[in-house]
Amino acid sequence: MKGILSELLRMSAEGSLVILAVWLAGALLRRCKAPARPAALLWLVACFRLLCPFQPRLSLPTPRGTAAAVGTALSELEWGDLTAAAPQAAGGPDLLPGILAAVYGAGVLALAARAFLKYHSLKSHLALAYRTEDGYYTGTGVDTPLILGVFRPRIYLPSTLEGRDKEMVLAHERAHLRWKDPWTRLLFYGAVCLHWYNPLVWAAYFRFVRDTEAACDEEVLREQRAERAAYSRCLLALSQDSRIPAGAVAFGRYPLKGRVKHILRWQKPGRFLTALVLVVVLSVGAACTFSFAEGQTPVEQVSSSLVAGQEAEFEESETTSQAAPEQKEENWLWPVPEYTHVSNRMIETSEEDPENQRTVGSSHKGVDLAAPEGSEILAMADGVVEKAGYDVLGSGSGYGYLVLLRHENGWRTLYAHCSEVCVQEGDTVRQGDLIARVGHSGYSTGNHCHVEMLDENGNRYDLCQETGEP
């Protein structure tokens, strides 16, 4: 549950950044008096980022010359031992994640139930409406123009609506159907339910609704050649304050002052403005939808150290089974330059610990490097990405977001509990390339990077043993 909450918070944070970007782009378009439909479409990019648990990536070309071959499959190693290396949580039951999960779930269910009940109440209210020759529904209970329905949305118009007013309102509602606004509005409301605690998501939803209404108003003015004053009077006459559920589109429900001003000031855009809108929408949409893999260019390491910024070499040890890794006489790079301290050492024993008056009941087969969230995690040496993603070593491993690199000499390095993974499986990385960022995903109690080093036989090496790290 803790991992799910962390993932939702990450999605909400990333979605909030996209919302701000789309809001600025929309403000620019409105300032230029651009059409409202492109701005409405941009909001769907924000909706996608709020609902999608992963971010599509466009990998940049890698330089020629690889550091290592991918080699054999991971099944060669004793992954049972590796998955058992998840860091142990601090003692005592952790009740806070459970409480937060209960509050969050209650909020989601409350919003979903509210919309469901209102939808069925309105549907029952319109049960006696009948279909006309023009394809819309009217009759008892229809007091305002609206669209209702999930799989087969229907247009409902009051029986008192006639003549030119009926033509304009019907054109407005049909424009909603052409652009699938009832479905996209319902989808966006789903994002609101999922991120109900985020005020930016609510603001984005209402702005999306206003932009879709303005876009349909523009289509009526452009295609029906309706007079602005007549259309504004029709809008004011049909305005109502009744609460319509998500998925229903009501003609006069939303703030009228801004819509009337927009109608009276609207002008058909020229070619230059249309081209500008296209460039803005494509640029913002691509930037907010995709993330580009970090550049795969080599990073020169000058006067770098495993601990304090100075060069250090791992020498072979003939007196221990944990021999220092050979990397063709090259140095291994310290993976987290901004680390503050080692929060958890490597423990490979279950013997009695008299000093602490306890027995070590489980092993910790790596080193935890505490660092601020978002700190860079760098590749310790040239290699190829074997695994990258959330908990990809098997269900319940507890590593959260991780990156596993295979190096030229058969060694592997593992970087776990990341907040973000910056590479993909199969990517070739060079020493010093950014591969992930520090976080606390998975089974973790604080921001840190869990680092493991394994030789070709699956034996582990203590990263801090040679460095003298306390």
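Only a predicted model underlies this, so the values are computations on that prediction, with no experimental measurement involved.

### A look at empty space enclosed by the protein
Turning to step 1, where the next piece is worked out: Under the criterion given, the structure shown has one cavity of 30 Å³ or more.
Turning to step 2, where the next piece is worked out: Lining the largest cavity are V22, W23, G26, R30, A39, L42, W43 and D211.
Turning to step 3, where the next piece is worked out: Of all the secondary-structure elements, those providing two or more residues to the lining of the largest cavity are α1 (2-31) and α2 (36-51).
Turning to step 4, where the next piece is worked out: Here the lining of the largest cavity is built from residues that sort into five nonpolar, one polar and two charged.

### Section: helix α9 (residues 256-265)
Turning to step 1, where the next piece is worked out: Taken together, the buried positions of α9 are L256, R259, V260 and I263. What you see down the axis of α9 is that its buried residues fit within an arc of 95°, all on one side. Within α9, the exposed residues directed more than 90 degrees away from the buried face are K257 and R265.
Turning to step 2, where the next piece is worked out: Those residues of α9 that are buried are in contact with α5 (163-178), α7 (199-223) and α8 (228-237).

### Describing the nonpolar core
Turning to step 1, where the next piece is worked out: By size, the foremost hydrophobic cluster in this structure holds 32 residues, and its most contacted members are L369, I377, V403, Y415 and I435.
Turning to step 2, where the next piece is worked out: Every element with two or more residues in this core is listed here: β11 (367-370), β13 (383-390), β14 (401-407), β15 (412-421), β17 (434-438) and β18 (448-454).
Turning to step 3, where the next piece is worked out: With residues near it in sequence (within four places) discarded, L369 still touches W334, P335, V336, Y339, H341, V342, H448, C449, V451 and L463.

### So, the packing of α5 against α7
Two packed helices can be described by the angle between their axes and the distance between those axes.
Turning to step 1, where the next piece is worked out: Following both chains from N to C, one finds α5 and α7 inclined at 125°, their axes separated by 9 Å at the closest point. Here α7 runs oblique to α5, going by the angle between their axes. The interaxial crossing formed by α5 with α7 has right-handed handedness. Counted together, M168, A171, H172, A175, H176 and R178 of α5 and T212, E213, C216, D217, E219, V220 and E223 of α7 form the full contact between these two elements.
Turning to step 2, where the next piece is worked out: Class assignment of the residues belonging to the contact of α5 with α7 gives a composition of five nonpolar, three polar and five charged.

### Describing the pattern of salt bridges
Side-chain pairs of opposite charge can arise where the charged atoms are in close proximity.
Turning to step 1, where the next piece is worked out: All told, the structure shown has 16 salt bridges when counted by the stated rule.
Turning to step 2, where the next piece is worked out: Notably, a salt bridge pairs R437 with E420, separated by 3.8 Å at the nearest N-O pair. Taken together, the residues span a long stretch of sequence, with R437 in strand β17 and E420 in strand β15 at a distance of 17 residues.
Turning to step 3, where the next piece is worked out: Salt bridges linked by common partners bring E7, R10, E14 and R49 together as one network.

### Considerations on a positive patch on the surface
Turning to step 1, where the next piece is worked out: Taken together, the side chains of K33, K257, K261 and R265 define a basic patch exposed on the protein surface.
Turning to step 2, where the next piece is worked out: Topologically, R265 is positioned in helix α9.

### Looking at a nonpolar patch on the surface
Turning to step 1, where the next piece is worked out: Together, L95, I99 and V103 give the surface a local cluster of nonpolar side chains, amounting to about 300 Å² of exposed area.
Turning to step 2, where the next piece is worked out: Mapping L95 onto the fold places it in the loop between α3 (79-83) and α4 (96-125).

### Notes on the environment of R131
Turning to step 1, where the next piece is worked out: By the element assignment, R131 lies in strand β2 (residues 130-131).
Turning to step 2, where the next piece is worked out: Along the sequence, R131 and R154 sit 23 residues apart, while their C-alpha atoms lie 9.4 Å from each other.
Turning to step 3, where the next piece is worked out: What R131 contacts, discounting residues up to four positions off in sequence, is Y136 and Y137.

### Observations regarding the packing of aromatic side chains
Turning to step 1, where the next piece is worked out: Under the definition given, this model contains 13 aromatic pairs.
Turning to step 2, where the next piece is worked out: Each member of the aromatic cluster is reached from another via a ring pair, and the members are F188, Y189, W202, Y205, F206 and F208.

### Some points on α8
Turning to step 1, where the next piece is worked out: Among all positions in α8, only A230, Y231, S232, C234 and L235 are buried.
Turning to step 2, where the next piece is worked out: Taken together, the buried residues of α8 touch α5, α7 and α9.

### Some remarks on the pairing of β13
Turning to step 1, where the next piece is worked out: The buried fraction of β13 amounts to six of the eight residues, a majority that puts the element mostly inside the structure.
Turning to step 2, where the next piece is worked out: Relative to β14, β13 runs antiparallel, the two sharing seven bridges. For G383, the partnering residue across the bridge sits in β14 and is H407.
Turning to step 3, where the next piece is worked out: Alignment of β13 against strand β16 (residues 428-429), held across two bridges, turns out to be antiparallel. Each bridged residue has a counterpart across the sheet, and for G383 the counterpart in β16 is V429.

### Observations regarding unusual backbone geometry
Turning to step 1, where the next piece is worked out: Its identity as a non-glycine residue notwithstanding, K33 has a phi of 60°, on the positive side.
Turning to step 2, where the next piece is worked out: Checked against the element boundaries, K33 lands in the loop between α1 and α2.
Turning to step 3, where the next piece is worked out: If you check the backbone angles, H417 has positive phi at about 65° while not being a glycine.
Turning to step 4, where the next piece is worked out: With respect to the secondary-structure elements, H417 resides in strand β15.
Turning to step 5, where the next piece is worked out: By relative accessible area, H417 is classed as buried at 0%.

Rules used throughout
- Residues numbered from 1 in each chain as written.
- Predicted model: local features only at pLDDT ≥ 70, side-chain atom pairs only at ≥ 80, totals over all residues.
- Heavy atoms only, no water.
- 1 Å grid on protein atoms, 1.4 Å probe; cavity = no way out; pocket = protein on both sides within 12 Å on 5 of 7 lines; lining within 4 Å.
- Points joined across faces, edges and corners; volume = space filled by probe spheres on them.
- Helix = DSSP H or I, 4+ residues; strand = E, 2+ residues; numbered from the N terminus.
- Nonpolar A, V, L, I, M, F, W, Y, C, P; charged D, E, K, R; others polar.
- Buried < 20%, exposed > 50% of the residue type's maximum accessible area, 1.4 Å probe, protein only.
- Arc of directions from axis to C-beta.
- Contact = heavy atoms within 4.5 Å.
- Core = buried A, V, L, I, M, F, W, Y, C linked by side-chain atoms within 4.5 Å.
- Axes fitted to C-alpha atoms, helices over the stretch in contact; angles between N-to-C directions.
- Parallel < 35°, antiparallel > 145°, perpendicular 65-115°, else oblique.
- Left-handed = near helix turned anticlockwise from the far one by under 90°.
- Salt bridge = Lys/Arg side-chain N within 4 Å of Asp/Glu carboxyl O.
- Patch = residues over 30% accessible without salt bridge, like charges linked within 9 Å, V, L, I, M, F, W, Y side chains within 5 Å.
- Areas by Shrake-Rupley, 256 points an atom, 1.4 Å probe, with all protein chains shown as cover.
- Lys, Arg positive; Asp, Glu negative; His and termini not counted.
- Charge placed at Lys NZ, Arg CZ, Asp CG, Glu CD.
- Phe/Tyr/Trp six-rings, centres within 6.5 Å; stacked < 30°, edge-to-face > 60°.
- Pairing = 2+ DSSP bridges.

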